[in-house]
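Structure assessment
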Amino acid sequence: MNLDFSAEPLFSWYVLLLIVSGIAMVGIGAVNFGGLSAGWRVFNVLAGVGFVGYGVYLGFIFEGGEYIIFFKAFILPVLMIINFVRSLSARSKAAAPVQFVPAQQAPAPVQVVPAQQAAEPAAAPAPTAQPQQTG
């Protein structure tokens, strides 16, 4: 095991952070809790497996010599976590319950009377002539 915090603290912390961030990324990608698309989930899992693999390699298989510290590698998990939280908040806003409002009946249609007709008084009906019976 290559982890020795007293002799090589930078290397040891690097290996530990690689493994922890890789596990977090695999967890975010494996669980469909945040509503991430399938592509983002696959990317999270693959990147997480790569981080864990490199961390395990450096911590347990690596026998010395040169190794590469990817400081940019710690930006990726932060961006993935931000994307996860953002998708969680978007999902919670989209899934907000909608209050049921019953439909109201449409009001009766209103007859519109032109202004000229409304001003004229209504004409009385003409009397009808009825024949008189004689008799």
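Let me begin by describing the structure that accompanies this report. (Residues numbered from 1 in each chain as written. Predicted model: local features only at pLDDT ≥ 70, side-chain atom pairs only at ≥ 80, totals over all residues. Heavy atoms only, no water.)

Attention shifts here to the packing of aromatic side chains. Applying the stated criterion across every chain, the model contains five aromatic pairs. Geometrically, the ring pair formed by Tyr54 and Tyr57 is stacked, given 6.5 Å between the ring centres and 20 degrees between the ring planes. Of this pair, Tyr54 and Tyr57 both sit in helix H2 (residues 38–61), three residues apart, which is roughly one turn of the helix. Residue Tyr54 is classed as partly exposed on the basis of its relative accessible area, which comes to 22%. The partly exposed category is assigned to Tyr57, whose relative accessible area is 37%. Feature note: the residues Phe11, Tyr14, Tyr54, Tyr57 and Phe62 constitute an aromatic cluster, connected by ring pairs. (Phe/Tyr/Trp six-rings, centres within 6.5 Å; stacked < 30°, edge-to-face > 60°. Helix = DSSP H or I, 4+ residues; strand = E, 2+ residues; numbered from the N terminus. Buried < 20%, exposed > 50% of the residue type's maximum accessible area, 1.4 Å probe, protein only.)

Packing of helix H1 (residues 9–30) against H2 leaves a shortest axis separation of 7 Å and a crossing angle of 155 degrees. Classified by the interaxial angle, the pair formed by H1 and H2 is roughly antiparallel. Where H1 crosses over H2, the two elements pack in a sense that is left-handed. Counted by class, the contact of H1 with H2 contains 18 nonpolar, seven polar and one charged residues. (Axes fitted to C-alpha atoms, helices over the stretch in contact; angles between N-to-C directions. Parallel < 35°, antiparallel > 145°, perpendicular 65-115°, else oblique. Left-handed = near helix turned anticlockwise from the far one by under 90°. Nonpolar A, V, L, I, M, F, W, Y, C, P; charged D, E, K, R; others polar.)

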